[in-house]
Amino acid sequence: MTYSNSYTIHHEEAYMTQEEDWDRDLLLDPAWEKQQRKTFTAWCNSHLRKAGTQIENIEEDFRNGLKLMLLLEVISGERLPKPDKGKMRFHKIANVNKALDFICSKGVKLVSIGAEEIVDGNVKMTLGMIWTIILRFAIQDISVEETSAKEGLLLWCQRKTAPYRNVNVQNFHISWKDGLALCALIHRHRPDLIDYSKLRKDDPVGNLNTAFEVAEKFLDIPKMLDAEDIVNTPKPDEKAIMTYVSCFYHAFAGAEQAETAANRICKVLAVNQENEKLMEEYEKLASELLEWIRRTIPWLENRAAEQTMRAMQQKLEDFRDYRRIHKPPRVQEKCQLEINFNTLQTKLRLSNRPAFMPSEGKMVSDIANAWKGLEQVEKGYEEWLLTEIRRLERLDHLAEKFKQKCNMHEAWTSGKEDLLSQKDYESASLMEIRALMRKHEAFESDLAAHQDRVEQIAAIAQELNELDYHDAATVNARCQGICDQWDNLGTLTQKRRDSLERVEKLWETIDQLYLEFAKRAAPFNNWMDGAMEDLQDMFIVHSIEEIQSLITAHDQFKATLPEADKERMATMGIHNEILKIAQTYGIKLSGINPYTNLSPQDISTKWDTVKHLVPLRDQMLQEEVARQQANERLRRQFAAQANIIGPWIQTKMEEISHVSVDIAGSLEEQMNSLKQYEQNIINYKSNIDKLEGDHQLSQESLIFDNKHTNYTMEHIRVGWEQLLTTIARTINEVENQILTRDAKGISQEQLNEFRASFNHFDRVRQTTHKPQDKSSCICLLQKRNGMMDPDDFRACLISMGYDLGEVEFARIMTLVDPNNTGVVTFQAFIDFMTRETAETDTAEQVMASFKILASDKNYITVDELRRELPPEQAEYCISRMTRYIGPDSPPGALDYISFSSALYGESDL
C-alpha cells in the first residue's frame, strides 16, 4: 500500500493488496485531507474516551507517542511496554517506536517509515499510520460470505440497503453523497429511529445530518464527517467513508449474530418438519396400497366360466380395464413409495437423525411381497380367460362363418328370381337385346361360380350339427331354403335364354330400317335447319340495290321446295315400315332411333315451320323495300338544300372579307354595308332551321350517309357559326377603327394609308383541298385576313420608314402582341400607328388642368369640382379621389395628383 514517496506500508492480508491507498495526488487534495483529519480524529476519540482522554489535533497530540500507545492498548485490549517519561525528542521517538513495533507485531509490515515523521508532526504520515490502525483493528476482521475487509464491508452494505429506493451502493465515495445509504443502514436495523419514506434524494445535506445525529445520539457513533464537505466534494474520501461505515458494522454486529442464530434454528426445525411430513405420507401411501391389493386378489381368483362369448369378452374387458386404468396408478404409487422411503432415509442420515422405521407390516419388503402375490394371481387369471375365450371362439367362428356365407348368398340371390322372370326384352331395342343377352351370359357364369358357396354352406351346417351347436335347428332350416332356391334359379335361367334369342332376330330387321331412316333424315334435317336460319336471318340494308339482292336470293330458295317435299315423303315411308313389323310380332318400340336423335315428328314439325316462314320472309322483304324507298327520298331532299346552303355560306364569307379589306369609301359606309350583310344573314336563318328538320328526320330513320351531297349537317353548322362570328368580329373592328379615328384625330386618308399597307403584307393563306376532307369544303378559299405574322409586320414597318433593330422590334411586338399569340391584328396595328402619329393626353397634362381648377393648390375641394365640372364627371372624381394629406389641407380636401396618375395606370388607385 503506497502512501507517498517517503514511505510504503505492506500487509500480508488481501485487503492491503487490493487497494492503491494514499496515492500522492490524492493526498495533495485539501478536501480529502480535511475529511480524513476530522474522521480519523473522531474515530480515535471514540476509543480514547474509554480511557478518559481525547485528542484535539491529530498531528500534534500523537507526537510524544503517549496517546498513540494508549489508543493501541484500548483498541487491542493488550498492554504495551511502559512508555518513557522524558520530554526530550529521543523520548518521544522511543515511545512512537514502541507503538510502531506493536503494529508490526499484529501482522502489519512497515517499510521505510520511522518514528521521526510522527514526532515531527508530518500530517500525511500521521494520517497514513492512523488509517493502517483502522484497517487492522476495525476493518480487517469484517467477513461476509468468504469476502473480507473492504469487499466484505461493501457486500454487507449492498445487502442491507438493497430493498431501499434511490440507494445503489457500488463504492465508498460517491454512493454515499446523498446520505440515503447511511439512513437506509440505520433504518434496516433500527426502523424506529428514522422515517425513511420522508427522506428526499434532492436534500443530501439534510439526509447526511439526520444520519450523523441519529448515529451519535442512539448508536454511540461519534460524528466523524461533515455533511457540506461530502456534498461539495466531487469524490468524497474513500478512507473517511470506510472508517465511518465500519462503525455501523460493529454497532450492528450483535443484531447480525442474533439473526444468524435464528436462521440456524429455523433451518433445523424446517428439516425436522419436512422429515415428519415424509414419514406421514409414507405411512398413508403404504396403508392405501396394501388395502387395494387385499381387495383385488379375491376378484382375480374367481374362475366361474360364462356360457357365451360376449360374457367372457366382458370379463376380459374388465381385466384389461384393470391393467390399463386401475393398476398403473398403483404401480406409480408403489414406485413413489419406494422413492419417498429412500429419500427420507437419505435426508435423515445427512441431518444426523436416526433411520425411519415404518409400522409393522408396512415395510418396503412387506409391500414388495404383497405386490408379488398380486402379480402371480393376476397371471393365472389372464391365462384362464384366454383359454375359455379360445374354447368359445371356435363355435362362434363356425356360426358366424355360416351366417356370413348365408348372408352373402342370400344378398346375391335377392331379386334374381324376379329378374329372370321379367319380359323386359319385349320393349327393348336391338342394342338393348344384345346387351341383355350378354348380361344373361354373364349371369350364367356367375351362377356356376356360386355353386361352390352353396356346397360350403351345406358343409358348415353339417359340422355345426356334429358339434351339437345349441341353435342347430335354425341353421338346418336356413340351409334347406338356400338349396331349394338354388334349384329354381337354374330352371328360370334356361327359360330366359330361349326368349332372348327369339326377340334378337326380330330386332335385327328393325335395326336395319332404323339405320336407313337415320341416313336419310340427317341431311334433310340439316337442310331444313339451314332454311329456317336463312328465313329468320336478320338483315340490315342501306340501299334499294341491297334489298333487291335479298329478294332475288329468296325467290331462288322457293324454287327448291317441291324437290325437298319428295325427300320428306321417302324418309317417312321407312318409319311406317318399322311400325308395321312391331305391330305384327307384338314388339314394344321404345320410340327412340339408336342411330339418330331425330324423330318423324321432328321432321314433320320442321317442315311445317319452313312452309310457314316462307310467306313471312316475303312480307319482311317487301316492307324493307318500302323503307329504303322512303330513306332515298329523305337523302335527296336533304342534299338539295345542303348543296344550296353550303355554297351560299362560302360566298358570304368571301364578300365579308372583301368589305373588311376594301379601302374605298369611309368607315361609316363600310359599317352600313356590313350591317346590311348582317341582316341578310339573320334573315337566312330559316333555311338553316329547315335543313335541321330534314337532318332530324334522317337520323330518326337511321340514315347515316348520303351519296347525293358532300355536305353534312355538322359542316353546315360549323360554317354558319363561323359566318356569324366573322360578321360580328368585322363589325366590331370597324367600330373600333371609328373610335380610334375620332379619339386620336386621324383622318380618313391616314386610315386608308394604314389599311393599304396592312393589306399589302396580310398574306393570303389558302388550304390544300382534299376530297375526302369534307370539313374543309366551306373554308377552302378563306384568308387569314386581318392578321400578320411577325416577319410580315417587320417588313410593313420598314416599308413605312421605320429603322428597326432587334431590341426596338421586340419592344414594339410586346405592344402589338402582349399575349404572345404570334400574330398582329389590324386593330393592334391601327393602335400602334395612332400612338406614333397622333397627339396623346398624359397624366401630367391632366394634373395641370386640375391645378388650374384648384387655383394653383396641391389639392382640390368638393365644391370646386362640382362648380367647374359637369355633375356626372364631378361625382365620378369625388367618389374616386383619396383624401389629401398635408400640413395646409382643410377638411374634405382631395388628392387630384394620385387620381391623375391612376387614370394612366401609374399608381395603385
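Calculation criteria
Residues numbered from 1 in each chain as written. Predicted model: local features only at pLDDT ≥ 70, side-chain atom pairs only at ≥ 80, totals over all residues. Heavy atoms only, no water. Helix = DSSP H or I, 4+ residues; strand = E, 2+ residues; numbered from the N terminus. Buried < 20%, exposed > 50% of the residue type's maximum accessible area, 1.4 Å probe, protein only. Contact = heavy atoms within 4.5 Å. Areas by Shrake-Rupley, 256 points an atom, 1.4 Å probe, with all protein chains shown as cover. Salt bridge = Lys/Arg side-chain N within 4 Å of Asp/Glu carboxyl O. Core = buried A, V, L, I, M, F, W, Y, C linked by side-chain atoms within 4.5 Å. UniProt positions renumbered as here; feature names shortened; annotations may be inferred. Polar contact = N/O pair within 3.5 Å; in protein donor to acceptor, adjacent residues only side chain to side chain. Phe/Tyr/Trp six-rings, centres within 6.5 Å; stacked < 30°, edge-to-face > 60°. Lys NZ or Arg CZ within 6 Å of the ring centre and 35° of its normal. Axes fitted to C-alpha atoms, helices over the stretch in contact; angles between N-to-C directions. Left-handed = near helix turned anticlockwise from the far one by under 90°. Nonpolar A, V, L, I, M, F, W, Y, C, P; charged D, E, K, R; others polar. Expected span 1.5 Å × (residues − 1). Bend = angle between axes of the 7 residues up to and from the residue.

Asker: Describe the overall build of the protein chain, listing the residues and the values that go with them.
Answerer: Assigned secondary structure in the protein chain consists of 34 helices and 8 strands. For the protein chain, the proportion of its 909 residues judged to be buried stands at 41%. Restricting the contact set of the protein chain to residue pairs at least 6 apart, pairs at least 24 apart contribute 72%. Accessible surface, the protein chain: about 50600 Å² in total, of which carbon and sulfur atoms supply 51%.

Asker: Just give me the short version of the pattern of salt bridges, but keep the residues and values in it.
Answerer: The final tally for this structure, using the stated rule, is 52 salt bridges. Its salt-bridge partner being Glu508, residue Arg434 comes within 3.7 Å of it at the nearest N-O pair. One end of the pair, Arg434, is in helix α18 (residues 430–449); the other, Glu508, is in helix α20 (residues 472–536), with 74 residues separating them in the sequence. A relative accessible area of 38% means that Glu508 is categorised as partly exposed. Its salt-bridge partner being Glu567, residue Arg520 comes within 3.3 Å of it at the nearest N-O pair. Here Glu567 lies in helix α22 (residues 561–585) and Arg520 lies in helix α20, a separation of 47 residues in the sequence. Linked through salt bridges whose partners overlap, the residues forming this network are Arg323, Lys327, Glu378 and Glu382.

Asker: Mind laying out the nonpolar core, listing which residues take part and the relevant values?
Answerer: By size, the foremost hydrophobic cluster in this structure holds 78 residues, and its most contacted members are Trp43, Ile133 and Trp176. Counting residues per element, this core draws most heavily on helix α8 (residues 123–139), which supplies 12 residues. Formed by 46 residues, the second largest nonpolar core is a distinct cluster that contains Ala642, Met671, Trp720 and Leu804.

Asker: I'd like a description of the UniProt feature "coiled-coil region" (unreviewed entry) in the protein chain, backed by residues and values.
Answerer: In this structure's numbering, the residues bearing the UniProt feature "coiled-coil region" (unreviewed entry) are residues 268–322, 433–467 and 667–694. Helix makes up 96% of residues 667–694 and strand 0%, and the two end C-alpha atoms of the span are 41 Å apart.

Asker: Describe the environment of Thr413, listing the residues and the values that go with them.
Answerer: Residue placement: Thr413 occurs in helix α16 (residues 364–413). Thr413 gets classed as buried once you look at its relative accessible area, which sits at 2%. Measuring from C-alpha to C-alpha, the distance between Thr413 and His450 comes to 9.9 Å, with 37 residues separating the pair along the chain. Here Gln485 takes part through its side chain, which lies 3.3 Å from a polar atom of the side chain of Thr413.

Asker: Break down the side chain of Arg330 for me, with residues and values.
Answerer: Along the chain, Arg330 falls in helix α15 (residues 309–350). Among the polar contacts made by the side chain of Arg330, one reaches the side chain of Glu333 at a distance of 3.1 Å. Non-local contacts of Arg330, meaning those with residues more than four positions away in its chain, are made with Glu288, Leu289, Trp292 and Trp371.

Asker: So, the environment of Leu804: which residues are in play, and what are the values?
Answerer: Looking at the element boundaries, Leu804 is found in the loop between α28 (790–799) and α29 (806–816). In contact with Leu804, not counting residues within four places along its chain, are Arg794, Leu797, Phe809 and Ile812.

Asker: Account for the packing of aromatic side chains, naming residues and giving values.
Answerer: Counting across every chain of the model gives 29 aromatic pairs. Measuring from centroid to centroid gives 6.2 Å for Phe40 and Trp131, while their planes differ by 10°, and the two rings are stacked. With Phe40 in helix α3 (residues 30–48) and Trp131 in helix α8, this pair connects stretches of sequence that are 91 residues apart. Of the two residues examined, Phe40 and Trp131, each falls in the buried class. When the ring of Phe524 is compared with that of Trp527, the centres are 6.0 Å apart and the planes differ by 20°; the resulting orientation is stacked. You can see Phe524 and its partner Trp527 sitting in helix α20, 3 residues apart, about one turn around the helix. Residue class for Trp527 comes out partly exposed when judged on its relative accessible area of 28%. In textbook terms, an aromatic cluster arises when at least three aromatic residues are bridged by ring pairs, as seen for Trp292, Trp299, Phe319, Tyr322, Trp371, Tyr381 and Trp384. Between the NZ or CZ atom of Arg136 and the centre of the ring of Phe137, over which it lies, the distance is 5.2 Å. One cation-aromatic arrangement involves Lys416 over Trp412; the distance from NZ or CZ to the ring centre is 4.9 Å.

Asker: Go over unusual backbone geometry, please, and point to the residues and values.
Answerer: The residue Asn166 is not glycine, and still its phi comes out positive at about 65°. Along the chain, the position of Asn166 falls in the loop between α9 (149–161) and α10 (180–189). Using a relative accessible area of 40% as the deciding quantity, one classes Asn166 as partly exposed. Backbone geometry at Leu702 places phi at a positive 60°, although glycine is not the residue there. Tracing the backbone through its elements, the reader meets Leu702 in the loop between α25 (685–700) and α26 (713–744).

Asker: Please set out the packing of α10 against helix α11 (residues 204–218) residue by residue, giving values where relevant.
Answerer: The geometry of α10 relative to α11 is characterised by a closest axis approach of 8 Å and an angle of 35° between their N-to-C directions. Note on packing geometry: the crossing formed by α10 with α11 is left-handed. Residue-level inspection shows Leu180, Leu182, Cys183 and Ile186 of α10 in contact with α11, the latter providing Asn207, Leu208, Ala211, Phe212 and Val214. In terms of residue class, the contact of α10 with α11 is made up of 8 nonpolar, 1 polar and no charged.

Asker: Summarise α25; cite the residues concerned and give the values.
Answerer: Taking 1.5 Å per residue as the helical rise, α25 with its 16 residues ought to reach 22 Å, and the 23 Å between its terminal C-alpha atoms agrees with that figure. A positive backbone phi angle near 60° is found at Leu702, which sits one or two residues after α25.

Asker: I'd love a proper account of α15, names of residues and values included.
Answerer: Taking 1.5 Å per residue, 42 residues should reach 62 Å; α15 reaches 60 Å between its end C-alpha atoms and fits that length. Within α15, the axis deviates most sharply at Lys327, by approximately 50°, and proline Pro328 lies no more than four positions further along. Following α15 by one or two positions, Asn352 adopts a phi angle in the positive range, close to 60°.

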